[in-house]
Amino acid sequence: MSVVALLDCNHFYCACEQLFRPDLHDRPVVVLSNNDGCIVARSPQAKALGVPMAAPYFKHREMLRRGGVHIFSSNYRLYGDMSARVMSIIRQHSCAVEVYSIDEAFFRLDDDPMPIEQGHKIRTKVQQWTGLPVSIGIGPNKTLAKVAGHKAKHEGVYDLCDPAEQADILKDLSVGKVWGVGRKMSTALMATGIMTAGQLRAIDPHFIRREYGVRGERIVRELRGMTCIDAPDEQGAHSLISSRSFGQVVTDRANLLSALAEHVMIVAEKLRHQGGYARALSIFLRGDPPLTHPSSRPLLHPSQGSHRAHKNTLRVSKALDFAHPTADTSRLLAAMRQTLMGCYVPGGRYRKVGVALCVTHSLAQEDFFSTGDDPNRRQLLDTIDQLNQRLGHRVVRFATGSMPEAPWHPRRDFASPCYTTDWKDLPVVSCHV
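Residues numbered from 1 in each chain as written. Predicted model: local features only at pLDDT ≥ 70, side-chain atom pairs only at ≥ 80, totals over all residues. Heavy atoms only, no water.

Mind showing me how you'd approach a nonpolar patch on the surface here?
On the surface, a cluster of nonpolar side chains totalling about 480 Å² of accessible area is made up of Leu-387, Leu-391, Val-395, Trp-423 and Leu-426. Examined against the element boundaries, Trp-423 turns out to sit in the segment after α13 (375-391). (Patch = residues over 30% accessible without salt bridge, like charges linked within 9 Å, V, L, I, M, F, W, Y side chains within 5 Å. Areas by Shrake-Rupley, 256 points an atom, 1.4 Å probe, with all protein chains shown as cover. Salt bridge = Lys/Arg side-chain N within 4 Å of Asp/Glu carboxyl O. Helix = DSSP H or I, 4+ residues; strand = E, 2+ residues; numbered from the N terminus.)

In structure tokens form, the structure reads like this:
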């Protein structure tokens, strides 16, 4: 029988911050988004105070001060490293792990005769080895494992493989909480009287397919206990994206190139870590259109890719396919530079950029004139990755990348140290005898 488990790190960002600040263990904590814009994570104590999720920080600054809430800027290097430690523990107990997000992972427990005991064992080990609180939901497929995850938030580990128990849980679960049912689909279902997951489960799958496509049919069949969504595997992601809003407006191409190079190096390292290759690279730019006379428009050449210059928004994107898939950072950087030349709009006031890779995990057949990755280059890049992992973030880097004083770096007024990834930020303990 198929058994899928979902491990979820509870209030992950806040837990990472509290882990290295024992004085904040039972205190309200929030973490802000890029540029300290919005509240993206809350500890249970902050939730109890009524701190809203996704709310602009500047609107609730006084409320947070009065409640004694501790505020942190996003520290993705810390969160990413702690996430990797959690995932490595899961891989010790399952040969098929799919990292779903920075704080969630699906994994298989098919061969384990006592999955709930194994779930408790994994949960205990994660808490002992990393100090992070986690919960584990178990079910016959991903959708029901997600449902079990809701119950596991309160019970630690919850097994939902029993069909009778599935029916009992689903009859009271709001249809909007089912994994894969978005806001639009949820609204449409509720308008037709389908309010709970149990009611959705009872609908004819063929009717759902006509109304909501194959995705909707798969959700219904998974609620019935079937496996219709790909089981967890170690293949890795099919796409990799890195993006960030700027700390201040950027107008010149040199700074855009520097920022995009930073994102290329991030996704390239992730690509090699999962053993993948990029089939295509795309970049996107977001900001304000050029300041021109009302009667004039910026001239855009058709070859510049996709442009949408609305009254208050400039959105530019362009993609480049590789004849031979690559994991070489230098080839990716060259492709990024070429792509930027084709979509840069002079005079634009850019506020955010990003890079995305379309990933494959198998190389295409090379030809006589192949320009695929050089094996010696791959050994060099692997060495650079190992050095950066051992010695600190971007100790060895490509010259195209940004320096720490780059003007586009995001605001981080409440940044915490990188306790686990930077030697100078290692916690210091004073002992007096």
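Please clarify how the side chain of Ser-94 should be interpreted in this entry.
Tracing the backbone shows Ser-94 in the loop between α4 (76-91) and β5 (97-101). Within the local environment of Ser-94, its side chain forms a polar contact with the backbone oxygen of Ala-96, the two atoms lying 3.2 Å apart. Engagement of the side chain of Ser-94 in a polar contact is seen with the backbone oxygen of Arg-108, the distance being 2.8 Å. Discounting residues that sit within four places of it in the chain, Ser-94 has contacts with Phe-107 and Arg-108. (Polar contact = N/O pair within 3.5 Å; in protein donor to acceptor, adjacent residues only side chain to side chain. Contact = heavy atoms within 4.5 Å.)

Please explain the sheet that holds strand β4 (residues 70-72) as it appears in this structure.
For sheets, the rule is that strands pair by backbone hydrogen bonds, running either parallel or antiparallel. Ordered by their spatial adjacency, three strands build an open sheet running β3-β2-β4, and the pairing between neighbours is mixed. Only two strands of the sheet have a single neighbouring strand rather than two, namely β3 (39-42) and β4. On average, each strand axis in the sheet is tilted by 25° relative to the strand beside it, whichever way the strands run. In this sheet, β4 lies alongside strand β2 (residues 29-32) in parallel orientation, the contact comprising three bridges. Its bridge partner lying in β4, Val-29 is registered against His-70. Running at roughly 115° to β2, helix α1 (residues 12-19) makes contact with β2, β3 and β4 of the sheet. (Pairing = 2+ DSSP bridges. Axes fitted to C-alpha atoms, helices over the stretch in contact; angles between N-to-C directions.)

I'm lost on the pairing of strand β1 (residues 4-9) in this one. Help?
Look at any regular strand and the pattern is simple: side chains alternate between the two faces of the sheet. Within β1, six of the six residues are buried, which leaves it mostly tucked inside the rest of the structure. Pairing of β1 with strand β7 (residues 134-139), which is carried by six bridges, proceeds in the antiparallel orientation. Its bridge partner being in β7, Cys-9 is matched across the sheet by Val-134. Judged from the five bridges that link them, β1 and strand β6 (residues 104-108) form a sheet pairing that is antiparallel. Its bridge partner being in β6, Leu-7 is matched across the sheet by Ala-105. (Buried < 20%, exposed > 50% of the residue type's maximum accessible area, 1.4 Å probe, protein only.)

Looking at this structure, how should I read helix α8 (residues 183-191)?
Since there are 3.6 residues in each turn of an α-helix, residues three or four apart along the chain are aligned in direction. If you check which residues of α8 are buried, you get Met-185, Ser-186 and Leu-189. Viewed end-on, α8 has its buried residues packed into an arc of 100°, placing them on one side of the element. Those residues of α8 that are exposed and aimed more than 90 degrees away from the buried face are Arg-183, Lys-184, Thr-187 and Ala-191. Buried-residue contacts for α8 involve α9 (197-202) and α10 (205-223). (Arc of directions from axis to C-beta.)

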